[in-house]
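# What the coordinates show
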Amino acid sequence: MEAKITAENGKTAIGKDGSVAGFDSLHRLLQSSLPPHLFQEASRLLIGLNCGKTLDSVALPDPAKSLSVNHDFDLQAFSFRADKESLREPRSVRVGLIQNSIALPTTEPLLDQKRGIFEKLTPIIEAAGASGVNILCLQEAWTMPFAFCTREKKWCEFAEPVDGESTKFLQEFARRYNMVIVSPILERDVNHGETLWNTAVIIGNHGNIIGKHRKNHIPRVGDFNESTYYMEGNTGHPVFETAYGKIAVNICYGRHHPLNWLAFGLNGAEIVFNPSATVGELSEPMWPIEARNAAIANSYFVCSINRVGTEHFPNPFTSGDGKPQHADFGHFYGSSYVSAPDSSCTASLSRYRDGLLISDMDLNLCRQLKDKWGFRMTARYEIYADLLAHYVKPDFEPQVIADPLLHKKA
Ligand SMILES: NC(=O)NCCC(=O)O
């Protein structure tokens, strides 16, 4: 495709459809615009090298490819290597991430909207199953539009108990494909007064529910009025030991909190999923950095997922910034990707199309990076524990040593 780049003087080249000047992603734009040797160099600088080489793409089986063509979703697959070890076998796992737009307008009956998403996701989950994915993760609050900008309470009807309809829907696939599935939903806790939480349900590869994790950090930024709906999570930083490795879930806004990432690492996570819902104007420059940095700092893989498209709501709302009322959040820019502990990462999925990103990873890479860089050994946790223990007390005073000359009269 010809590049139609129109960005000038700070004007954006993002198309109405959410494309980058007609391309699915920045990566695709560069690939199409640069001569191959320059693209290779740009790629090396932008997404790094894994064990000294560019990531290999992985050939997927024909049924998966046909599903992506017939149901119009982006399908990409990559493979991360690790060095061969003498005393341990490779620990290879195939991970799948799904990003998608909603299926029906937000004005349709809620049940139709939810079932529409189930229907839309079915071929994408089947493509993951046909590709032999071991662990699959969906996007944040995947069963519903991301209505938390509206502050209207009718959207609470989408909330489900951990063993509700969406879990039952996914348990079938988990059993059929021997696949662990991470399912981020709006949870209704029926045993505690029907309270609401933003929760990831972990479904084991036998269709069993292994456990759940509730989002720790809730945004109070822009139109993200999520604190109107549910409370800060109370499940700590659990790591789930699955048939395919130790996994954890850092839900969306938690990615801005380095200690949140650290805590999952301290509990032994090898892969941390970051199912998200975030929009271009707010966070797009942060998106390629934060998860990748977390993967490096904590010697684990991070799988970042963002939803796709612009969701319009029936009633307009304001953002408290003096700007005119509006009825959408802005564009959810997709761009799901995987980061490895050696600082390499995959190209991202489309900025505007539904997609399935598959990544093979040898989990031995986590310990290899710990041995190489020694971040855990050099971390000096005790001095930070001491600082934090003081900081949370009301009588804390910052350790500031002022230049005595600063306050002397001339
Ligand atoms: N869903 C959510 O927490 N979004 C907050 C916005 C952001 O973190 O980019």
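Residues numbered from 1 in each chain as written. Predicted model: local features only at pLDDT ≥ 70, side-chain atom pairs only at ≥ 80, totals over all residues. Heavy atoms only, no water.

## Description of the sheet that holds strand β6 (residues 195-203)
Taken in spatial order, the eight strands make up an open sheet running β1-β2-β15-β3-β4-β5-β6-β7, and their pairing is mixed. Two strands in the sheet have a free side with no partner beyond their single neighbour: β1 (56-57) and β7 (209-214). One ladder, built from nine bridges, connects strand β5 (residues 180-189) with β6; its direction is antiparallel. In the strand pairing of β6, Leu-186 is matched with Asn-198. (Pairing = 2+ DSSP bridges. Helix = DSSP H or I, 4+ residues; strand = E, 2+ residues; numbered from the N terminus.)

## Re a nonpolar patch on the surface
A cluster of nonpolar side chains, namely Leu-259, Leu-388, Tyr-391 and Val-392, defines an oily patch on the protein surface of about 440 Å² accessible area. Structurally, Leu-259 can be placed in helix α6 (residues 258-266). Leu-259 sits in the exposed class, given a relative accessible area of 53%. (Patch = residues over 30% accessible without salt bridge, like charges linked within 9 Å, V, L, I, M, F, W, Y side chains within 5 Å. Areas by Shrake-Rupley, 256 points an atom, 1.4 Å probe, with all protein chains shown as cover. Salt bridge = Lys/Arg side-chain N within 4 Å of Asp/Glu carboxyl O. Buried < 20%, exposed > 50% of the residue type's maximum accessible area, 1.4 Å probe, protein only.)

## A word on the sheet that holds strand β14 (residues 337-339)
A sheet is described by the order of its strands in space; here five strands give the open sequence β8-β9-β10-β11-β14, paired in mixed fashion. This sheet does not close on itself; its edge strands, each paired only once, are β8 (240-242) and β14. Taking each pair of neighbouring strands and ignoring which way they run, the sheet shows an average axis angle of 25 degrees. With three bridges connecting them, strand β9 (residues 245-249) and strand β10 (residues 271-276) associate as parallel partners. What sits directly across from Ala-248, in β10, is Val-272. Sitting on the sheet, α6 touches β9, β10 and β11 (301-306), and the angle it makes with β10 is about 145 degrees. (Axes fitted to C-alpha atoms, helices over the stretch in contact; angles between N-to-C directions. Contact = heavy atoms within 4.5 Å.)

## A few points about the site of the ligand
If you check the shell around the ligand, you find 14 residues, and the closest are Glu-140, Lys-215, Arg-255, His-256 and Thr-278. Within the side chain of Arg-255, a nitrogen or oxygen atom sits 2.9 Å from an oxygen atom of the ligand. Contacts to the ligand include Thr-278, whose side-chain N or O atom sits 2.6 Å from an oxygen atom. For the ligand, whose unbound accessible area comes to 280 Å², protein coverage reaches 99%. (Near = heavy atom within 4 Å. Polar contact = N/O pair within 3.5 Å; in protein donor to acceptor, adjacent residues only side chain to side chain.)

## Notes on the packing of helix α3 (residues 62-70) against helix α4 (residues 110-130)
Taken N-terminus to C-terminus, the directions of α3 and α4 make an angle of 160 degrees; their axes are 8 Å apart at the nearest point. The angle between α3 and α4 places the two elements in the roughly antiparallel class. You can see that α3 and α4 cross each other, and the crossing is left-handed. Along its contact with α3, which presents Pro-63, Ala-64 and Leu-67, the element α4 presents Pro-123, Glu-126, Ala-127 and Ala-130. Within the contact of α3 with α4, the residues separate by chemical class into six nonpolar, no polar and one charged. (Parallel < 35°, antiparallel > 145°, perpendicular 65-115°, else oblique. Left-handed = near helix turned anticlockwise from the far one by under 90°. Nonpolar A, V, L, I, M, F, W, Y, C, P; charged D, E, K, R; others polar.)

## Structural notes on the domain arrangement of the protein
Taken domain by domain, the protein holds domain 1 (1-47) and domain 2 (52-373). Centre-to-centre separation of domain 1 and domain 2, based on C-alpha positions: 25 Å. At the junction of the two partners, domain 1 supplies 12 residues and domain 2 supplies 15 residues. Together, the buried faces of domain 1 and domain 2 total about 990 Å²; carbon and sulfur atoms form 48% of this surface. Counting every contact that joins domain 1 to domain 2 gives two salt bridges. With a shortest N-O distance of 3.9 Å, Arg-28 and Asp-74 are connected by a salt bridge. Our count for the contact surface shared by domain 1 and domain 2 stands at six residue pairs in polar contact (both at pLDDT 80 or more). Mapped by element, the contributors of at least two residues to the side of domain 1 that touches domain 2 are α1 (26-33) and α2 (36-47). Partitioned by chemical class, the residues of the side of domain 1 that touches domain 2 number five nonpolar, four polar and three charged. (Domains from an automatic or database assignment. Buried area = accessible area lost by both parts, 1.4 Å probe.)

## Quick look at the UniProt feature "domain: CN hydrolase" (unreviewed entry) in the protein
Sequence positions flagged by UniProt for "domain: CN hydrolase" (unreviewed entry) are, in local numbering, residues 93-363. As annotated, residues 93-363 has a helix share of 22% and a strand share of 31%, and its two end C-alpha atoms lie 7 Å apart. (UniProt positions renumbered as here; feature names shortened; annotations may be inferred.)

## Quick notes on the side chain of Arg-81
Inspection of the secondary structure puts Arg-81 in the loop between β2 (74-79) and β3 (92-99). By relative accessible area, Arg-81 is classed as buried at 18%. A polar contact is formed between the side chain of Arg-81 and the backbone oxygen of Thr-54, at a distance of 2.8 Å. In this structure, Arg-81 is in contact with Asn-50, Cys-51, Lys-53, Thr-54, Leu-55, Asp-56 and Leu-365, ignoring residues within four places of it in sequence.

## Considering the confidence of the model for the protein
Taken over all residues, the pLDDT of the protein has a mean of 95, while the share at 70 or more is 97%. Overall, residues 1-7 carries pLDDT values under 50, and its contacts beyond four positions in sequence, including any with other chains, amount to 13 contacts. Per the prediction output, this complex has pTM 0.96; the corresponding ipTM is 0.99. (pLDDT = per-residue confidence, 0-100.)

## What about the pairing of β2?
Within β2, six of the six residues are buried, which leaves the element mostly enclosed by the surrounding structure. The alternating pattern of β2 places Asp-74, Gln-76 and Phe-78 on one face and Leu-75, Ala-77 and Ser-79 on the opposite face, and all of these are buried. Pairing geometry for β1 and β2, over two bridges, is antiparallel. What sits directly across from Asp-56, in β2, is Ser-79.

## Describing α4
With 21 residues, α4 should cover 30 Å at 1.5 Å per step; its first-to-last C-alpha distance of 30 Å lies within 8% of that length. A bend of about 35 degrees at Thr-122 is the largest found in α4, and the proline Pro-123 appears one to four places after it. Backbone geometry just downstream of α4 places Gly-132 in the positive-phi region, at approximately 75 degrees. (Expected span 1.5 Å × (residues − 1). Bend = angle between axes of the 7 residues up to and from the residue.)

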